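# Overview (structure and organization)
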Amino acid sequence: MKLGFFTMPIHPLEKDWRQSLAEDREAFLLADELGFSEAYVGEHVTDQAENITSCIAFLAWIAAATKQIKLGTGTVNMPNVHPATVAATIAMLDHMLDGRLIFGISPGGLLSDAELFGTLERDRNAMFLEAINQVLQIWASEPPYNIKGQFWNITTEKTLMADIGQGFIAQPLQRPHPPIVVTAVAPFSKGVTEAAARGWDPISANFLMPMWVKSHWPKYVEGCERVGRPVDSGNWRVAKSVFVANDMATAKAYATDPDSPYVYYYRSLFTKLKRNGRIELFKTRRDQPDDEVTLESVCDKLIIYGTPDSVADQILALLEEVGEFGTLLYAGKDWRDRELGRRSMILMAEQVMPRITAGTK
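This report concerns the structure included in the present document. (Residues numbered from 1 in each chain as written. Predicted model: local features only at pLDDT ≥ 70, side-chain atom pairs only at ≥ 80, totals over all residues. Heavy atoms only, no water.)

## Section: the pattern of salt bridges
This is how the line gets drawn: Within this document, salt bridges are pairs made up of a side-chain nitrogen of Lys or Arg and a carboxyl oxygen of Asp or Glu, the two lying within 4 Å of each other.
Using the criterion set out here, one finds 17 salt bridges in the structure. Overlapping salt bridges, with partners in common, bring together Glu26, Arg338, Glu339 and Arg342 in one network.

## Focus on unusual backbone geometry
What is expected of a backbone is that most residues other than glycine have negative phi and most peptide bonds are trans. As a reminder, the rule being used: Numbering of helices and strands runs from the N terminus; a helix is a DSSP stretch of H or I covering at least four residues, while a strand is a stretch of E covering at least two.
Thr75 follows Gly74 through a cis peptide bond whose omega is 15°. If you trace the backbone, Thr75 turns up in the loop between strand 3 (70-73) and strand 4 (76-77). Following Pro143, the chain continues into Pro144 via a peptide bond in cis, with omega recorded as 20°. Take Pro144: it is sitting in the loop between helix 5 (124-139) and strand 6 (147-148). One non-glycine residue, Tyr145, adopts positive backbone phi at about 65°.

## Quick look at the nonpolar core
Test applied: Put simply, a nonpolar core is a bunch of buried Ala, Val, Leu, Ile, Met, Phe, Trp, Tyr and Cys residues held in one set by side-chain atoms that sit within 4.5 Å of each other. With a 1.4 Å probe rolled over the protein chains alone, any residue whose accessible area is under 20% of its type maximum counts as buried; one over 50% counts as exposed, and the rest are partly exposed. Contacts are assigned to residue pairs that have any heavy atoms within 4.5 Å of one another.
Counting 109 residues, the largest nonpolar core has Met78, Phe103, Tyr266, Phe282 and Met348 as the members making the most contacts within it. With near-sequence residues (within four places) excluded, Met78 lies in contact with Val86, Phe103, Ile105, Ser106, Phe128, Ala131, Ile132, Val135 and Trp152.

## Let's talk about helix 1 (residues 17-34)
Each turn of an α-helix holds 3.6 residues, which means side chains three or four residues apart point in the same direction. Convention followed: By this rule the span expected of a helix is its residue count minus one, scaled by 1.5 Å. Whenever two N or O atoms come within 3.5 Å, that pair is a polar contact, provided that in protein one can donate a hydrogen and the other can accept it, and provided that, for residues adjacent in sequence, both atoms are side-chain atoms.
With 18 residues, helix 1 extends 26 Å from end C-alpha to end C-alpha; this agrees with the ideal 26 Å at 1.5 Å per step. On its buried side, helix 1 packs onto strand 1 (2-7), strand 2 (38-41), helix 2 (55-62), strand 3 and helix 13 (338-359). The N-cap residue of helix 1 is Asp16: its side-chain oxygen and the backbone nitrogen of Arg18 are 2.8 Å apart. Two residues or fewer past helix 1, Gly35 is found with a positive phi of approximately 90°.

## A closer look at the packing of aromatic side chains
Where two aromatic rings form a pair, the distance of their centres and the angle of their planes describe that pair. Quick reminder of the rule: Note on aromatic pairs: the rings of Phe, Tyr and Trp (six-membered ring only in Trp) are paired at centre separations within 6.5 Å, and the planes decide the class, stacked below 30 degrees, edge-to-face beyond 60, tilted for the rest. As a reminder, the over-ring test applies to NZ of lysine and CZ of arginine, requiring each to be within 6 Å of the ring centre and within 35 degrees of the ring normal.
Applying the stated criterion to the full structure yields 17 aromatic pairs. Clustering of aromatic rings is evident, with ring pairs tying together Phe5, Phe28, Phe36, Phe58, Trp61 and Tyr330. Across from the ring centre of Trp61, 5.1 Å away, lies the NZ or CZ of Arg25, which sits over that ring. Its end group placed over the ring of Tyr265, Lys333 keeps NZ or CZ at 4.1 Å from the ring centre.

## Here's the deal with helix 2
The line we're drawing: What the arc measures is the spread of directions leading from the helix axis to the C-beta atoms.
Listing the buried residues of helix 2 in full gives Cys55, Ile56, Phe58, Leu59 and Ile62. Buried residues of helix 2, seen end-on, are gathered within an arc of 160° and therefore sit on one face of the element. Summarising the contacts, the buried residues of helix 2 are in contact with helix 1, strand 2, strand 3, strand 4, helix 3 (83-96) and strand 5 (101-106).

## Some details on the pairing of strand 10 (residues 237-244)
Our working definition: Two strands pair if DSSP finds at least two bridges between them.
Within strand 10, 8 of the 8 residues are buried, which leaves it mostly tucked inside the rest of the structure. The pairing of strand 10 with strand 12 (residues 327-331) spans 4 bridges and is parallel. Across the sheet, the residue bridging to Arg237 is Thr327, located in strand 12. Pairing of strand 10 with strand 11 (residues 303-306) involves 4 bridges; the strand directions are parallel. The partner of Val242 across the bridge, within strand 11, is Ile304.

## Some thoughts on the environment of Gln137
Position of Gln137 relative to the elements: it lies in helix 5. Classification of Gln137 by relative accessible area gives partly exposed; the value is 37%. Linking Gln137 and Ala331, residues 194 residues apart in sequence, is a C-alpha distance of 33 Å.

Encoded structure:
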């Protein structure tokens, strides 16, 4: 099993934006130094806490400072951006990263973003499908293009000057395109099946209960088998909230105290999902009453913390529960304590992962 990194950072509202951005950048550079295989960053335009507004811009910022790690958009919220803009900027980023880019895509889940971009009442799933289809068609086509859709039309027919390069949309370095991943946030996600059938791979979100994470694997198998694609658990990524410390007392306090960055993270998500009528993501059974779902129960089920031995045991137990997967994505949190935040990632890479490797042989 490989170790990766995924962050949709949720920072305190009062924190200086420069500091939070610098710490997020430092976490990616540390992951690169520690040998993490890949790292993803999310984006939201209208969220003061989740304050990375463009995953493409953020990855471009750190591209030259990383050496071996693959970097992923986590995710580009496709209905919010013109497909030609996505195609051109992703292509450039792939070249900047010398082919180390993973293209993460989604319909976008933040409702205030949808309102901002005028898609709140529109079929964002349909927009998502049209957008990614058009991006892939751009990369497979030559100008002047003639791509027509329900939401966007793409052409440079009137202005093409092929002899000087005008009217061309850039293509990525990786051909036919960078690897595509989708983040699954629903139990028994049909999106996982459709993604697998198209050659894309799933990330199971770190705010899903383990039994719902487990439900993603058969949906992935279903999609692969539909098109005759080899089924490989190595293509499945699972994100988890993990904190590792040298002693259990420090680990428990930093992960579970009321002002913990881990509790703050889930408090923010819990509030959003509850107010938006999506509290079922935190349920442990489909018929569980809403009032049984509490912040405390969510944190208890979804935060893994402890010493290296304890964390390794908990992750091995997770593997027993959900099945084998290829990459564990360590979910980034705010660095309320920079040294503890860094130390957790170091312990995860240098002490926890070797124990997991030994435990799965």
